[in-house]
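# Architecture and fold: a report
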Amino acid sequence: MSEPDQGAFPLPDFPLEADIEEMVAAVRDSRWADPVALALQGVEIFLQLSHKRWIERPLEVNFEIRGLCRALAHAQPACAPLMNLTNDMIKPLESFYGRGEGQRMREDMRERAENWREALFARERQRIMQAAQLIQDGSHLLLFGYGTDLIDALRQARAAGLEFTAASLSGPTDPPDALSVALGLHGIPVAATRPDEAGILMKEATAILLGAHGLSPSGLVHWRGTSELVQLAEQHQVPRYCVCGPERFFPAGYSVPMPDAYDPAGTWENTPLDLLTGVVTGEGTFSGDALRAALTQRRLESILLG
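This text gives an overview of the structure that appears in the document. (Residues numbered from 1 in each chain as written. Predicted model: local features only at pLDDT ≥ 70, side-chain atom pairs only at ≥ 80, totals over all residues. Heavy atoms only, no water.)

### Observations regarding the pattern of salt bridges
- For the structure on display, the rule yields 16 salt bridges.
- One salt bridge in this structure joins Arg292 and Asp289, with 3.9 Å as the shortest N-O distance. Taken as a pair, Arg292 and Asp289 lie in helix α10 (residues 288–296) at a separation of three residues, close to a single helical turn.
- Look at Asp289 and you get exposed, because its relative accessible area is 64%.
- Linked by salt bridges that have partners in common, Arg123, Arg127, Asp149 and Glu247 make up one network. (Salt bridge = Lys/Arg side-chain N within 4 Å of Asp/Glu carboxyl O. Helix = DSSP H or I, 4+ residues; strand = E, 2+ residues; numbered from the N terminus. Buried < 20%, exposed > 50% of the residue type's maximum accessible area, 1.4 Å probe, protein only.)

Given below as structure tokens:
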């Protein structure tokens, strides 16, 4: 899927078919959906596109894929997993396609999308195990961020026979007891706590576990109140871990829009990375220079948002 010389014959993005445009619109309208869930919706759109048969010229298939990538990137520019998916899908495929080999090109595109999804699931499984290893017998955990990674990590630790206590702080848009209810369904008692009680809990806490909307070299994008919480934990010398896969890392060189563009209340904030003890990614637990290196490894394809 080589890029043509844009100076020789500038072409607009390939127009999306009605069913594909409808799927993209659904992603665009899902402002408060989980970022990874949005990326998985994006994978399904690429799979749908891969089954189209009426275009056979690789050049046109190339522009069709590019048009979908750019449409998805513009649909949710504050969603790091979706940005990473489109950033990977817009890169040239590692093959040469002759005239009339559009179908083979689509098959290769479909394989890339499926591999991206499988890699995401594999990292998720590994990340849960890594996060569970941070929990020790007798731990007193303070949780901030509703997400399946946190839930599954605590379930894994309990399945391993560990006994621990946990309290959760609710985010600005979630019910106060969302995390405690979810974990209670699995027999793990978690006390729902008001944010103004964090100082009291910090005296007994052995670790802070955070979720993440996204991560960039400038900081952790997460709920309002994160910076205050981790600063308080730092003062009490309590370790502060964020559970965040690399699919939530914004590509280097990308000006990250805060996801509260439609939220005047300011649901989200940016927390400096140096306030975190480590970030559990599924590929390892990183901090300091190692974390910054991981964040700068991925570069944004220049044609994605231009």
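### Describing the nonpolar core
- Counting residues in each nonpolar core, the largest one holds 39 residues, and the members touching the most others are Val24, Phe46 and Leu68.
- When contributions to this core are tallied by element, the ones reaching two or more residues are α1 (18–29), α2 (35–50), α3 (58–75), α4 (80–89) and α5 (102–132).
- Aside from chain neighbours lying at most four places away, what touches Val24 is Leu16, Ile45, Leu68, Ala71, Leu72 and Ala75.
- One finds Leu169, Met202, Val238 and Cys244 within the second-largest nonpolar core, a separate group that totals 28 residues. (Core = buried A, V, L, I, M, F, W, Y, C linked by side-chain atoms within 4.5 Å. Contact = heavy atoms within 4.5 Å.)

### Digging into the side chain of Ser216
- Within the secondary structure layout, Ser216 lies in strand β5 (residues 214–216).
- Discounting residues that sit within four places of it in the chain, Ser216 has contacts with Phe250, Val256, Leu273 and Leu295.

### Section: the sheet that holds strand β3 (residues 190–193)
- Pairing in this open sheet of seven strands is mixed, and the strands run β3-β2-β1-β4-β7-β9-β10 from one edge to the other. A single partner strand is all that each edge strand has here, and the edge strands are β3 and β10 (285–286).
- The sheet strands contacting helix α9 (residues 226–235) are β1 (140–144), β2 (165–169), β4 (207–210) and β7 (240–243), and the helix crosses β4 at an angle near 160°. (Pairing = 2+ DSSP bridges. Axes fitted to C-alpha atoms, helices over the stretch in contact; angles between N-to-C directions.)

### As for the packing of α1 against α3
- Where α1 meets α3, the closest approach of the two axes is 9 Å, and the angle between their N-to-C directions is 25°. With respect to α3, the axis of α1 lies roughly parallel. Considering only the axes of α1 and α3, their crossing is right-handed. When α1 is examined against α3, the residues Ile20, Val24, Val27 and Arg28 are found in contact with a partner set consisting of Leu68, Ala71, Leu72 and Ala75. (Parallel < 35°, antiparallel > 145°, perpendicular 65-115°, else oblique. Left-handed = near helix turned anticlockwise from the far one by under 90°.)

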